[in-house]
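# Observations on the model geometry
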Amino acid sequence: MNLQRETTDYRNSVQDKWARQRGEAPAAHATFVNSATGTGWQLPTNLSPGQSVRDPGSGNVFAMDVLGQYWMNDGHGYWQSMNYQG
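First, a word on what this report is: a plain description of the structure on this page. (Residues numbered from 1 in each chain as written. Predicted model: local features only at pLDDT ≥ 70, side-chain atom pairs only at ≥ 80, totals over all residues. Heavy atoms only, no water.)

As a further point, take the overall build of the chain. The helix and strand inventory of the chain stands at 1 helix and 6 strands. Counted from the first residue to the last, the chain has its helices and strands arranged as α-β-β-β-β-β-β. Looking at the chain as a whole, 33% of its 86 residues qualify as buried. Across the chain, the fraction of contacts at a sequence separation of at least 24, relative to all contacts at a separation of at least 6, is 36%. (Helix = DSSP H or I, 4+ residues; strand = E, 2+ residues; numbered from the N terminus. Buried < 20%, exposed > 50% of the residue type's maximum accessible area, 1.4 Å probe, protein only. Contact = heavy atoms within 4.5 Å.)

Right, here's the structure in full:
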């Protein structure tokens, strides 16, 4: 469990560093783009591995896997990868 938390903390610190380098203030949300559709979503950057969130407007479910990759459930049982855009 500690390794997961440490990995998540490290990933968040790297993303915050990139945000500061771009002149942005680190935020609890960032844009992630669906690799299949190209649609961008504002998702929380502080999810823990295995945690998911539901977008109330669309009903889509977003989750982070144990490697820190974000995924979106398309509502038909398929998961599509989400790419961090900042």
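With that settled, the discussion passes to the pairing of strand 4 (residues 61–64). Of the two faces of strand 4, the one holding Val-61 and Ala-63 and the one holding Phe-62 and Met-64 are both buried throughout. Pairing geometry for strand 3 (residues 52–54) and strand 4, over 3 bridges, is antiparallel. Within strand 4, the position partnered with Ser-52 by the bridge is Ala-63. With antiparallel pairing between neighbouring strands as the criterion, strand 3 and strand 4 make up a hairpin whose turn holds 6 residues, including Gly-59 at a positive phi of roughly 85°. Here strand 4 pairs with strand 5 (residues 70–73) via 4 bridges, running antiparallel. (Pairing = 2+ DSSP bridges.)

Turning to the packing of aromatic side chains, a few remarks are in order. If you walk through the whole model with that rule in mind, you get 3 aromatic pairs. Look at Phe-32 and Tyr-70: their rings are 4.2 Å apart centre to centre, the planes differ by 25°, and that puts the pair in the stacked class. With Phe-32 in strand 1 (residues 29–34) and Tyr-70 in strand 5, this pair connects stretches of sequence that are 38 residues apart. For Phe-32, a relative accessible area of 2% corresponds to the buried category. On the basis of relative accessibility, which here comes to 2%, the residue Tyr-70 falls in the buried class. A ring pair is formed by Trp-41 and Phe-62, whose centres lie 5.2 Å apart and whose planes are at 55°; its orientation type is tilted. Of this pair, Trp-41 sits in strand 2 (residues 40–44) while Phe-62 sits in strand 4, and the two are 21 residues apart along the sequence. As far as the burial class goes, Trp-41 and Phe-62 line up, both buried. Through successive ring pairs, a cluster of aromatic residues spans Phe-32, Tyr-70 and Tyr-84. (Phe/Tyr/Trp six-rings, centres within 6.5 Å; stacked < 30°, edge-to-face > 60°.)

Read across the sheet, 6 strands follow the order 2-1-6-5-4-3 without closing on themselves; strand pairing throughout is antiparallel. Only two strands of the sheet have a single neighbouring strand rather than two, namely strand 2 and strand 3. If you compare each strand with its neighbour and ignore which way they point, the axes differ by 35° on average. Across 3 bridges, the pairing between strand 1 and strand 6 (residues 79–84) is antiparallel. By the bridge assignment, Phe-32 is partnered in strand 6 with Tyr-84. (Axes fitted to C-alpha atoms, helices over the stretch in contact; angles between N-to-C directions.)

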